[in-house]
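Below are the chains, spelled out letter by letter.
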Amino acid sequence: MKKFWKYIFAGVTSVMLMPFAACNDDDTVDPYDINYAYVYQPNSTFARVEYKANGEFIIDITDPLKVMPVRSTKPANGNVKIEVAIDPSLVDEYNEANKTSYKLLEGAEILNPQMIIADGEYVSADSITVGFTDHSGFLTGETDLILPIVIRSAGGGMTISKSSRIFLTFNSTYNPLVISTKPEAKFAACPSIDGWEQNIQSVTVDNAITASYTPFEPITVDLRIDGSKVNEYNTANGTSYEFKTDARLASNKITLGTEDLNGSFTINSGSLTDFANGKSYLIPVVVENPQGCRAELTGNTVVYVLLRSTGPELIFSTTADNSRIEFALPAETTCTVNGSPTYNGGWNNASWVDIINSNNSSYGYMSRNDVMEINFGKTFNLTSIYFNCWSGSYAPRSIALQTSANGTDWFEWETTAWTTAAGQFYIDLPFAYTTQYIKLQFPTGASSIDIEGLRFYEQ
């Protein structure tokens, strides 16, 4: 027995077939004329399962699982029956020899326990096949599971090789449904713009919560506004936001259905009088008490909702921000400079629509106060524009921007200037603005501004 365990290599991570050679298994050398029945697998295979609280597999196992054929050391004399079986008694022996703590995988079965090695053959035509119709053995909370398989009997005068044992090891993991929350959501409005109240009176925080996988039953979480969190936020971020004491949640719950990964909530902002006078506010919303699917909250559980009063100033930035959501240019987008779709379109007279879309390595030149006009063909909530110029020496130092939703009524943003010689930069709007048409000018900077691409971002 010591010699048998000497040749075991113990795997610890996943479905592993543990084979043992057939002919050097006994403590004495056997005569060459003995025909041994044995199982042999030179390579290892792996399987890992993950399951939800309801037992549904997220990462499934191959079912049925074909393991290996049975073999003999000499040709079979007639059609020889070989019986294979699961042997639970070997689990403790395996653990003691390998200093492991595997538990028997309950519920598995061998679907073809009677194997046949045909007359004159060394190998059975079929492989030992394990079925997992009963998944309960994977759902016990035990991570490391094992299934010992042995040859129980052999006909045709064959002798069972003592080392003909294989050990299938499994890694089974419970994967809880985890709910994460959005750290913050920013909303802004400019009181100098007509209708600004519509942007801030009632705000909806999309994707406020996200589930790690689709729920198998509805999930609800509770929401509450907690003004005590404002000081924590201001201290951590060096800000001085005030708490909006009259803000109210439209509902104190979010429910995720069985097809939902994300959930939203809406806040009614209350009085806007002080907001119109330039005040900005912070509304912390605590997410708690998940119910259904044994769901768990992880990490931050507070969504900080910022309501900002802004002017129409644009913001220059060279910092990439993963929170920006890129707007894909529609196929119907048009772009002209001084009324021409190919004005100063570079070496290949490229169209400006290709240039702004960074197509075909195109580039174009604009002089100071040339006018670029873009029609996107549909409205979207513009939040930011990225400019890619040849270098800082061929870049603007200021921008004049006008936007319109209908091509008739234009909003003129304050001209923004900067001193940094940047070839790549962002112009951020202080708040999202519904836009279909854009007019761009560069009042200062290089006399010849080389543009190689633009990107647009939306809320």
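Residues numbered from 1 in each chain as written. Predicted model: local features only at pLDDT ≥ 70, side-chain atom pairs only at ≥ 80, totals over all residues. Heavy atoms only, no water.

1. Regarding the overall build of the protein chain
- A count of helices and strands for the protein chain gives 5 helices and 35 strands.
- Its C-alpha atoms give the protein chain a radius of gyration of 35 Å, more than 25% over the compact-globule value 23 Å for 459 residues.
- Projecting the C-alpha coordinates of the protein chain onto the three principal axes gives extents of approximately 100 × 60 × 35 Å.
- By residue count, 45% of the 459 residues in the protein chain fall in the buried class.
- The contacts of the protein chain with a sequence gap of at least 6 include a subset with a gap of at least 24, amounting to 78%.
- Surface accessibility of the protein chain: about 21900 Å² in total, with carbon and sulfur atoms responsible for 45%.
- Across the protein chain, 30 positive and 51 negative side-chain charges occur, with their mean positions spaced 6 Å apart. (Helix = DSSP H or I, 4+ residues; strand = E, 2+ residues; numbered from the N terminus. Rg over C-alpha atoms; globule rule 2.2 N^0.38 Å. Buried < 20%, exposed > 50% of the residue type's maximum accessible area, 1.4 Å probe, protein only. Contact = heavy atoms within 4.5 Å. Areas by Shrake-Rupley, 256 points an atom, 1.4 Å probe, with all protein chains shown as cover. Lys, Arg positive; Asp, Glu negative; His and termini not counted. Charge placed at Lys NZ, Arg CZ, Asp CG, Glu CD.)

2. Quick word on the sheet that holds strand S13 (residues 159–160)
- Taken in spatial order, the 3 strands make up an open sheet running S6-S2-S13, and their pairing is mixed. Both outer strands of the open sheet, strand S6 (70–72) and S13, are each paired with one neighbouring strand and no more. (Pairing = 2+ DSSP bridges.)

3. A word on unusual backbone geometry
- Between Asp63 and the following residue, Pro64, the backbone shows a cis peptide bond with an omega angle of 0°.
- Note on placement: Pro64 falls in the loop between strand S4 (57–59) and strand S5 (65–66).
- Non-glycine residue Asn289 carries a positive phi angle of around 55°.
- By the secondary structure assignment, Asn289 is in strand S23 (residues 281–291).
- Judged by relative accessible area, Asn289 falls into the partly exposed class, the value being 43%.

4. Focus: the nonpolar core
- Counting residues in hydrophobic clusters, the biggest one holds 40 residues, and the most contacted among them are Met372, Ile374, Phe387, Ile438, Ile451, Leu454 and Phe456.
- Put simply, the parts of the chain that give this core at least two residues each are strand S28 (334–337), helix H5 (352–356), strand S30 (372–389), strand S31 (398–404), strand S34 (424–441) and strand S35 (449–458).
- With 8 residues, the top contributor of residues to this core is S30.
- Excluding its chain neighbours within four sequence positions, the residues that come into contact with Ile438 are Met372, Glu373, Ile374, Phe376, Leu382, Ile385, Leu401, Gln402, Thr403, Trp410 and Phe456.
- With 33 residues, the next largest nonpolar core counts Ile179, Ile267, Ala295 and Leu307 among its residues. (Core = buried A, V, L, I, M, F, W, Y, C linked by side-chain atoms within 4.5 Å.)

5. Side note on the environment of Arg152
- Mapped onto the elements of the fold, Arg152 is located in strand S12 (residues 144–154).
- Distance in space between the C-alpha atoms of Arg152 and Thr336 is 82 Å, their sequence separation being 184 residues.
- Setting aside chain neighbours within four positions, we find Arg152 in contact with Glu83, Val84, Ala85, Ile86, Asp87 and Ile160.

6. Focus on the packing of aromatic side chains
- Enumeration over the complete set of coordinates arrives at 25 aromatic pairs.
- Residues Phe132 and Phe170 carry aromatic rings whose centres are separated by 5.8 Å and whose planes lie at 75° to one another, so their mutual orientation is edge-to-face. With Phe132 in the loop between strand S11 (129–131) and S12 and Phe170 in strand S14 (residues 165–174), this pair connects stretches of sequence that are 38 residues apart.
- Residue Phe132 is classed as buried on the basis of its relative accessible area of 1%.
- By relative accessible area, which is 2% here, Phe170 ends up buried.
- Measuring from centroid to centroid gives 5.8 Å for Phe138 and Phe170, while their planes differ by 75°, and the two rings are edge-to-face. Placement of Phe138 in the loop between S11 and S12 and of Phe170 in strand S14 is noted, with a sequence separation of 32 residues between them.
- One aromatic cluster is present, built from ring pairs that chain together Phe316, Phe387, Trp418, Phe425 and Phe442.
- Sitting over the ring of Tyr281, Lys244 keeps its end group 5.2 Å from the ring centre.
- The residue whose ring lies beneath Arg324 is Tyr426, and the NZ or CZ to ring-centre distance is 3.7 Å. (Phe/Tyr/Trp six-rings, centres within 6.5 Å; stacked < 30°, edge-to-face > 60°. Lys NZ or Arg CZ within 6 Å of the ring centre and 35° of its normal.)

7. Brief notes about the sheet that holds S5
- The strand order S5-S11-S9 describes an open sheet built from 3 strands, whose pairing is antiparallel. Because the sheet does not close on itself, it has two edges, and the strands there are S5 and strand S9 (109–110).
- Note: S5 against S11, 2 bridges, orientation antiparallel. Across the sheet, Leu65 pairs through a bridge with Val130, a residue of S11.

8. Concerning the pairing of strand S21 (residues 253–256)
- In S21, alternate side chains face the same way, and those of Ile254 and Leu256 are buried while those of Lys253 and Thr255 on the opposite face are not.
- Sheet topology places strand S18 (residues 219–225) next to S21; 4 bridges connect them, and they run antiparallel. Following the sheet pairing, Asp222 is matched in S21 by Lys253.

9. Looking at helix H2 (residues 90–98)
- What H2 keeps buried is the set Leu90, Val91, Tyr94, Asn95 and Asn98. Across the axial projection of H2, the buried residues extend over an arc of 135°, all falling on one side. For H2, exposure combined with an orientation more than 90 degrees from the buried face picks out Asp92 and Glu96. (Arc of directions from axis to C-beta.)

10. Observations concerning the state of the cysteines
- One pass over the structure, following the stated rule, counts 0 disulfides.
- Between Cys389, a cysteine without a disulfide, and Cys335, which holds the nearest cysteine sulfur, the sulfur-to-sulfur distance is 14 Å.
- Judged by relative accessible area, which is 1%, Cys389 ranks as buried. (Disulfide = S-S within 2.5 Å.)

11. Some remarks on the pattern of salt bridges
- Counted under the stated rule, the structure contains 9 salt bridges.
- We note a salt bridge from Lys253 to Asp222, for which the minimum N-O separation is 2.6 Å. Here Asp222 lies in strand S18 and Lys253 lies in strand S21, a separation of 31 residues in the sequence.
- The exposure class assigned to Asp222 is buried, which follows from its relative accessible area of 15%.
- Taken together, the salt bridges that share partners define one network made up of Arg224, Asp226 and Glu288. (Salt bridge = Lys/Arg side-chain N within 4 Å of Asp/Glu carboxyl O.)

12. Some remarks on the confidence of the model for the protein chain
- Per-residue confidence for the protein chain gives a mean pLDDT of 85; residues scoring 70 or more make up 90%.
- Below pLDDT 50 for its whole length, residues 1–30 participates in 82 contacts with residues either more than four positions away or in separate chains. (pLDDT = per-residue confidence, 0-100.)

13. What to know about the environment of Pro284
- Of note, Pro284 is situated in strand S23.
- Classification of Pro284 by relative accessible area gives buried; the value is 0%.
- In this structure the C-alpha to C-alpha distance between Pro284 and Glu184, which are 100 residues apart in sequence, comes to 8.8 Å.
- Contacts of Pro284, omitting those with residues within four sequence positions, involve Arg224, Ile225, Asp226, Lys229, Val230, Phe243, Val302, Val303 and Tyr304.

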